[in-house]
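What follows is each chain in one-letter form.
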Amino acid sequence: MPAITHEDNMTQDPTRRAPLVLGEPDLASVTETVCRIAERPGATPAWYVAFVVSVALTLILFGSIGYLIIHGIGVLGNNSPVFWGFPIINFVFWIGIGHAGTLISAILFLFRQKWRTSINRFAEAMTIFAVACAGIFPAVHVGRIWVIYWLAPYPNQMALWPNFRSPLLWDVVAVSTYATVSLLFWYLGMIPDLATLRDRATTKPRSILYGLFALGWRGSASQWHRFETAYLLLAALATPLVLSVHSVVSFDFAVAQLPGWHTTIFPPYFVAGAIFSGCAMVVTLAVPARAIFGLKSLITMRHLDNMNKLILGTSMLVAYAYMVEWFMAWYGGNPKEIFAFVNRALGPYAWGYWLMVLCNVVVPQLFWFKKWRTTPWLMLIVAILVNVGMWMERFVIIVASLSRDFLPSSWGMFKPTSIDILMMIGSFGLFFTLFLLFCRFLPVVAMAEVKAVLPTRDPR
Amino acid sequence: MYRETAHMEWIDRVRPVAGAVLALTPIYLITLVYWGGAPRTTDVGYSPLQPIPFSHALHAGKIRLDCRYCHTTVENAAFAAVPHTSICMNCHATITPDSTQLEPLRQSASTGDPIRWVRVHDLPDYTYFNHSAHVARGVGCVACHGRIDRMEQVYQELPISMGWCLDCHRNPTPHLRPSELVTDMDWIPDEDPHALGIRLMQTHGILPSTDCSTCHR
Amino acid sequence: MNPVAEQSGTSQVAGILAEFRDSEDLVAAAAGVRAAGYSQWEAYSPFPVHGLVAAMGRRKTRLPWLVLLAGLAGGGGAVALQWWTNAVNYPYLISGKPYFSLPANIPIIFEFIILLSAIAAFGGCLALSKLPQWYHPLAASPRFRRASTDGFFITIDASDPCFDDAITTQLLQSLGTVTTEFFYRIDSKRGLPKYAIPTIAILSALALLPPVWIAKARYKQSSLPRIHLVRDMDLQSKYLPQQTSSFFVDGRGMRPPVPGTIAVGTPVENTHLRLGTVHGLPASSFPLDVTAELVERGRQRYNVYCATCHGLAGDGDGITSQLAFDREEPKWIRPLSFHLELVRDQPAGLLYQTISDGIRKMPAYGSQIPIQDRWAIVLYVRALQRSRNASIEDVPTDLREYLR
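A brief structural summary. Everything numeric in this text was worked out from a predicted model, so none of it was measured.

A few points about the overall build of chain A
The number of helices and strands found in chain A is 16 helices and zero strands. The C-alpha radius of gyration of chain A comes to 23 Å, within 12% of the 23 Å expected for a compact globule of 460 residues. When its C-alpha atoms are laid out on the principal axes, chain A stretches across 80 × 55 × 40 Å. Burial analysis of chain A (460 residues in total) assigns 61% to the buried set. Counting contacts in chain A only where the partners sit at least 6 residues apart, residues at least 24 apart contribute 80% of the total. When the accessible surface of chain A is split by element, carbon and sulfur atoms take 72% of a total near 17,400 Å². Side-chain charges of chain A comprise 32 positive and 21 negative groups, with the mean position of each set lying 3 Å from the other.

And the structure:
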């Protein structure tokens, strides 16, 4: 039988369901395609080059953190009046990236969007690695990282408790819950696939390690039954969770009285922006990954097309939020609030504001064209620009608002130090290092899930 | 850990025990941290060697010298001064003037260099404790320092941790006494201590604050 | 298919493994096995096959109830935690917010519900499935390895009461199996390995070390510095009273005053008060108002500073004095009794000067006792002296009767 062509997968004919997987794969070939990536004795040169670069950047990150810990947070650019500088920008940026992963793995699962199956695993991995990168910044910016455990409510000799009425503590709880739930969700889904890798293992270390983490999974009917129940429950729990996490992150700002922060639109605005940036990151990762690892038949053009449509949709949500902020500033009639927005557009950080608008609002409109949605290198350009734009959004919200608040005498400019910049670049290194290791050693596609949606899953 | 262990049935048989051990491990660790990290473990019992083996048991206990004879600033200053050499020499110029143990004292008296006593009860530098405020309102020395009059070598008897301070700031009544009796080591109230505490709180207007800035500035 | 012929040693048949072509065959066969009355059996597939659990006659999992319970516990726990810590145990006011109010506490309640539910869903799924389970006889079967790729299997355990080599095989064949084979417990080691007991013993002994060390730290005194893991601002770069300094040659943080310095507030002009002299001669009057409070103050200070040598009544028989005599200190001279006429006749200013500057073997107390307190002591000494040389006229009239 001839392989199903590109066009067939992209069909818009509503009477025909487009196939989720290209070619004519059977159960064994799905296993073979996915496991081959993890089982290859040596990686491709491209992987090694990418890995060395990422590890170098990661070392820069940890070096900067070490320098920061030894010298104190004075090495960062945070200073009056911009007390929240790069650490918070990077934190919000990374935590936002994670959101698309949960959207794909949990929300689309609840909506029974079966096209998600082949990309959900690495979207979830992306979530976890992004949350790991995000967690670093608030952790190190507290200054004395060795007493970070004071954030936890535990009975102590000081007889003190955390202030649960503070958005910053909500943030701690929300982000750590998000990290935990994402990790459990990811690992639970991976157990059957780890068992596959275990059963195919040809070397002893692989057999032992995959065996250890597969926890003795055998795929019995009762195990599958509980697995499916637990997976559904975790998806149902992760869905409201992911909406809450960025809402809570936005409370860090919205609960403060600073003009430009103190608005009720922040929670939905932040969640939309988070999913927007996360989808862009999925595309950024998926385009090279499917080319390098030979996953084009599993991560099809239709997947990318769908992701790009999501980017377009969320871009317009974000654009709407930008407009509503202006409207509310004008309609609210508060001169401080109006000034905050005029200052964003025309003040010293106007370049940031307009770069943000260009990347987040204007550029994604290219996805109205099918050519941009379905050409890998074109969509990669847009996706990367969206990542830049979303980073700039956080920069504008935090720095532009803080640098000019109520009292002109205390206005000031923010200047990042080299440590700020190195930590930001280094966090990308950590993210890509983890992602490359994941691609190399773990099942990048949820095999069991793909098998369950195969049209040809039964040989008859 | 599956194919390799396919003949090790004992793995299955030890699972309940392993599970129990795994469940108990956090309890073990938490107990260790709480028990080991408590100020009663880390701080209480600190008893540094002093340059002269000065015995509070002799001076405050047997001779019954008043605390304030040596620690003269305690009623008027935040800091309860360690006595200067000349206070020691008040008596030791004539009593046991030739003792070998007092050699550092004589040296200090002749050269003017202070004796480097090692401080036992030492709060962190970010805690501003005021002795005079407590002594004037009738918090006995013994409340924080324990039975100094029974110590050959002074040691820390009480935790002196923040939570411990707060215990008293939240409920000072059991620790109050008439202010002229603050230095009395073995004083026992001859009335209901609670009633006495309440009365003293009213007389002195004691309303201990638990705000951060009470002790940290 | 004689197991004994294929396997030797201690291996024994653990059950029978039958492969099926696809998931539909598997579901049909499962219904057949169930109908045949087996209880110790299981079906395996590389992906979840819908309808299989129902065909096997297994009941639905209780996991959702477990998760619900965990969620309720999380929510309830979060409410209790926030209420107790912020409103009861250490209530402090922040930005005028109420100590406990749902709007401010909902985010944490919500996150705790999710967190505990998720942990229960994950942990419950594993625990109910009896995972992790790193030993299973099926792991030895090369054929069964395909169960995680494309194999559909039914196993019937040898422990099943209906199990019989021939009959069970026949049943499975009638249900359309592709192939059947026995699987074994191969040389199954039921006992612990040799190294296990010593390892456990050593680990247990090591686990006892920290508690022992803590117990020692807790119940024994030590001259070692206190253990503070987080020292940070314990020792700040500032000088507190009587701290050492590496900056000054004499090593003191506190600087001795320049010779001749007079403290602020010293009554320089008032020589009567400061030196006890009037026109250069010891004053016989008091520079302070003589009041009952001053006498009382004098009594207190006398008992603190003087009584240890002079005795509580001023007889020169204080504890220190007695001790010095007991020890036969050659340099000790018994203090004079205040009740000697010689002392009684001294003017108050002279007594004051004696306290301030010392006399003969008595050291100066000027540095220990403030000026006002010295005068108070002088007054109290006067009172002590009067107590032995008073006439009945000195006693208030209403108390005279009492003395007689």
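On we go from here.
Some words on the interface of chain C and chain A
Taken together, the 69 residues of chain C in the interface contact 62 residues of chain A. Both sides together, the interface formed by chain C and chain A hides about 5,700 Å², and carbon and sulfur atoms give 67% of it. Among the residues chain C hides against chain A, the three largest losses belong to F47(C), E111(C) and F122(C). Together they make up 11% of the total. One can count one salt bridge joining chain C with chain A. Here D232(C) makes a salt bridge to R144(A), at a shortest N to O gap of 2.4 Å. Where chain C meets chain A, there are 28 residue pairs in polar contact (both at pLDDT 80 or more). Residue assignment for the side of chain C that touches chain A shows that the elements contributing at least two residues are α2 (23-35), β2 (41-44), α3 (52-56), α4 (63-89) and α5 (102-128) of chain C. No other element matches the 17 residues that α5(C) contributes to the side of chain C that touches chain A. Here the residues of the side of chain C that touches chain A sort into 41 nonpolar, 15 polar and 13 charged.

Some thoughts on the packing of helix α3 (residues 45-71) of chain A against helix α15 (residues 418-441) of chain A
Residues and elements named next belong to chain A. Packing of α3 against α15 leaves a shortest axis separation of 7 Å and a crossing angle of 135°. In terms of orientation, α3 and α15 fall into the oblique class. Between α3 and α15 lies a crossing of left-handed hand. Classifying every residue of the contact of α3 with α15 by side-chain character gives 20 nonpolar, seven polar and one charged.

Description of the pairing of strand β3 (residues 152-157) of chain C
Residues and elements named next belong to chain C. Buried residues dominate β3, accounting for five of its six residues. Relative to β3, strand β1 (residues 12-20) is paired through six bridges, and the arrangement is antiparallel. The residue bridging A18 from the neighbouring strand is I154, located in β3. With four bridges connecting them, β2 and β3 associate as antiparallel partners.

Re the interface of chain B and chain C
If you look at the interface, chain B gives 68 residues, while chain C gives 71 residues. Counting each side, the surface lost to burial between chain B and chain C is near 6,200 Å², with a carbon and sulfur contribution of 54%. By the criterion of area lost to chain C, the three top residues of chain B are E9(B), W35(B) and D125(B), representing 12% of everything that side buries. Residue E75(B) is joined to R301(C) by a salt bridge in which the shortest nitrogen-to-oxygen separation is 2.7 Å. Our count for the contact surface shared by chain B and chain C stands at 26 residue pairs in polar contact (both at pLDDT 80 or more). For the side of chain B that touches chain C, the secondary-structure elements that each account for two or more residues are α1 (9-13), α2 (15-37), α3 (39-42), α5 (67-70), α6 (85-92) and α10 (162-170) of chain B. Looking at the side of chain B that touches chain C, its residues break down into 33 nonpolar, 16 polar and 19 charged.

Considerations on the pattern of salt bridges
Residues and elements named next belong to chain A. Evaluated as defined, the whole model comprises 31 salt bridges over all chains. As a salt-bridge pair, R200 and E39 come within 2.9 Å of each other at their nearest N and O atoms. With R200 in helix α6 (residues 167-200) and E39 in helix α2 (residues 27-39), this residue pair connects regions lying 161 residues apart in the sequence. For D305, the salt bridge identified is with K309, shortest N-O distance 3.4 Å. Placement of the pair is D305 and K309 together in helix α10 (residues 301-332), with a separation of four residues, close to one helical turn. For K309, a relative accessible area of 36% corresponds to the partly exposed category.

Structural notes on empty space enclosed by the protein
All names here are of chain A. Applying the stated criterion across every chain yields a total of four cavities of 30 Å³ or more. Put simply, the largest cavity is a space of about 90 Å³. Elements supplying a minimum of two residues to the lining of the largest cavity: α6 and α16 (447-453). Top element by residues in the lining of the largest cavity is α6. It accounts for five residues.

Rules used throughout
Residues numbered from 1 in each chain as written. Chains lettered and ligands numbered in written order. Predicted model: local features only at pLDDT ≥ 70, side-chain atom pairs only at ≥ 80, totals over all residues. Heavy atoms only, no water. Helix = DSSP H or I, 4+ residues; strand = E, 2+ residues; numbered from the N terminus. Rg over C-alpha atoms; globule rule 2.2 N^0.38 Å. Buried < 20%, exposed > 50% of the residue type's maximum accessible area, 1.4 Å probe, protein only. Contact = heavy atoms within 4.5 Å. Areas by Shrake-Rupley, 256 points an atom, 1.4 Å probe, with all protein chains shown as cover. Lys, Arg positive; Asp, Glu negative; His and termini not counted. Charge placed at Lys NZ, Arg CZ, Asp CG, Glu CD. Buried area = accessible area lost by both parts, 1.4 Å probe. Salt bridge = Lys/Arg side-chain N within 4 Å of Asp/Glu carboxyl O. Polar contact = N/O pair within 3.5 Å; in protein donor to acceptor, adjacent residues only side chain to side chain. Nonpolar A, V, L, I, M, F, W, Y, C, P; charged D, E, K, R; others polar. Axes fitted to C-alpha atoms, helices over the stretch in contact; angles between N-to-C directions. Parallel < 35°, antiparallel > 145°, perpendicular 65-115°, else oblique. Left-handed = near helix turned anticlockwise from the far one by under 90°. Pairing = 2+ DSSP bridges. 1 Å grid on protein atoms, 1.4 Å probe; cavity = no way out; pocket = protein on both sides within 12 Å on 5 of 7 lines; lining within 4 Å. Points joined across faces, edges and corners; volume = space filled by probe spheres on them.

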